[in-house]
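# Understanding the architecture of this molecule
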Amino acid sequence: MRRGIRAALPALAGAVALTSTLLSSPAEAAGRVYIYHVYYDSPGSDTGSNSSLNGEWIRIKNTTSATVSLKGWKIKDRTGYTYTFGDVKVGAGNSKKVHTGKGTNDAYHKYWGRGSYVWNNTGDTATLYKASGTKADDCSWSSLGSGYTYC
């Protein structure tokens, strides 16, 4: 019996090493990057003005304990409109807000640069994808309601 246990030890050690490489790092395990809030119906009338377009936005939040690079991450709606993050990092516990219209990007506000609305007021799904193409999160609504949703 002892010989069987000794023979199994190298295989067991290999399995432990493989498992540890597949699991998330401690920083990733402590939280996630996800869609926190979507304001799908800008306040007031939908005039199509840049101001109205920028009243429509999505907030991405990082609840990990480390800064995460969003470079290459994507936000998509149900019809396929896509926003791709450039060289953007979101610090631990921080968030980024992506507005639909045009504007000047800063540390917190990013602008999609669209001339028309993205999010359907009566129902849509916002999906966040990692740069690898893996889905990180999604958030759906099915009625106008208050014009915004927390995910």
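Quick caveat, the model's predicted, so the values are computed rather than measured.

Moving on to the overall build of the chain. When its secondary structure is counted, the chain shows three helices and eleven strands. The secondary structure elements of the chain, listed N-terminal to C-terminal, are α-α-β-α-β-β-β-β-β-β-β-β-β-β. Of the contacts formed within the chain by residues at least 6 apart in sequence, a portion of 56% connects residues at least 24 apart. For the chain, the accessible area works out to roughly 8,600 Å², and carbon and sulfur atoms hold 53% of it.

Here the structure, examined in full by the defined rule, presents ten aromatic pairs. Arranged with centres 5.6 Å apart and planes meeting at 75°, the rings of Tyr36 and Tyr150 form a pair that is edge-to-face. Taken together, the residues Tyr36 in strand β1 (residues 33-39) and Tyr150 in strand β11 (residues 148-150) connect sequence positions 114 residues apart. Relative to Trp57, the ring of Tyr39 has its centre 5.6 Å away and its plane inclined at 45°; by these criteria the two rings are tilted. Here Tyr39 is found in strand β1, whereas its partner Trp57 is found in strand β2 (residues 57-62), with 18 residues between them in sequence. Taken together, the ring pairs connect Tyr34, Tyr36, Tyr39, Trp57, Tyr148 and Tyr150 into an aromatic cluster. The ring of Tyr129 has Lys76 sitting right over it, with the charged end atom 5.4 Å from the ring centre.

This next bit is on the state of the cysteines. Scanning all chains against the criterion turns up one disulfide. Disulfide partner of Cys139: Cys151, at an S-S distance of 2.0 Å. Taking the sign of the torsion about the S-S bond as the criterion, the disulfide between Cys139 and Cys151, at about -75°, is left-handed. Taken as a pair, Cys139 in strand β10 (residues 135-141) and Cys151 in the segment after β11 lie far apart in primary sequence, twelve residues in all. Relative accessible area serves as the criterion here: at 37%, Cys151 is assigned to the partly exposed category.

Working definition: the strands of a sheet are paired by backbone hydrogen bonds and lie parallel or antiparallel to each other. Across the sheet, which stays open at both edges, the four strands sit in the order β5-β4-β9-β10 with antiparallel pairing between neighbours. Edge positions in the open sheet fall to β5 (82-84) and β10, since each of these has one partner strand only. Strand after strand, the sheet turns through a mean of 15° between neighbouring axes, direction not considered. As paired elements, strand β9 (residues 124-129) and β10 share six bridges and run antiparallel to each other.

So, on to the confidence of the model for the chain. The share of residues in the chain with pLDDT of 70 or more is 80%, and the mean pLDDT across the chain is 86. Note on residues 1-27: pLDDT is under 50 here. Beyond four places in sequence and across chains, it has four contacts.

So, on to the pattern of salt bridges. For the structure shown, the criterion picks out two salt bridges. Between Arg32 and Asp137 there is a salt bridge, with the nearest N and O atoms lying 3.7 Å from each other. Of this pair, Arg32 sits in the loop between α2 (26-29) and β1 while Asp137 is found in strand β10, placing the two residues 105 residues apart along the sequence. The class for Arg32 is partly exposed, based on a relative accessible area of 42%. A residue is classified by how much of its surface remains accessible, and Asp137, at 13% relative accessible area, is buried. Here Asp138 ties to Lys135 by a salt bridge, and the two come within 2.9 Å at their closest N and O atoms. Taking relative accessible area as the criterion, Asp138 reaches 34% and is therefore assigned partly exposed. When its relative accessible area of 48% is taken as the criterion, Lys135 is described as partly exposed.

Thresholds, definitions, all that
- Residues numbered from 1 in each chain as written.
- Predicted model: local features only at pLDDT ≥ 70, side-chain atom pairs only at ≥ 80, totals over all residues.
- Heavy atoms only, no water.
- Helix = DSSP H or I, 4+ residues; strand = E, 2+ residues; numbered from the N terminus.
- Contact = heavy atoms within 4.5 Å.
- Areas by Shrake-Rupley, 256 points an atom, 1.4 Å probe, with all protein chains shown as cover.
- Phe/Tyr/Trp six-rings, centres within 6.5 Å; stacked < 30°, edge-to-face > 60°.
- Lys NZ or Arg CZ within 6 Å of the ring centre and 35° of its normal.
- Disulfide = S-S within 2.5 Å.
- Buried < 20%, exposed > 50% of the residue type's maximum accessible area, 1.4 Å probe, protein only.
- Pairing = 2+ DSSP bridges.
- Axes fitted to C-alpha atoms, helices over the stretch in contact; angles between N-to-C directions.
- pLDDT = per-residue confidence, 0-100.
- Salt bridge = Lys/Arg side-chain N within 4 Å of Asp/Glu carboxyl O.

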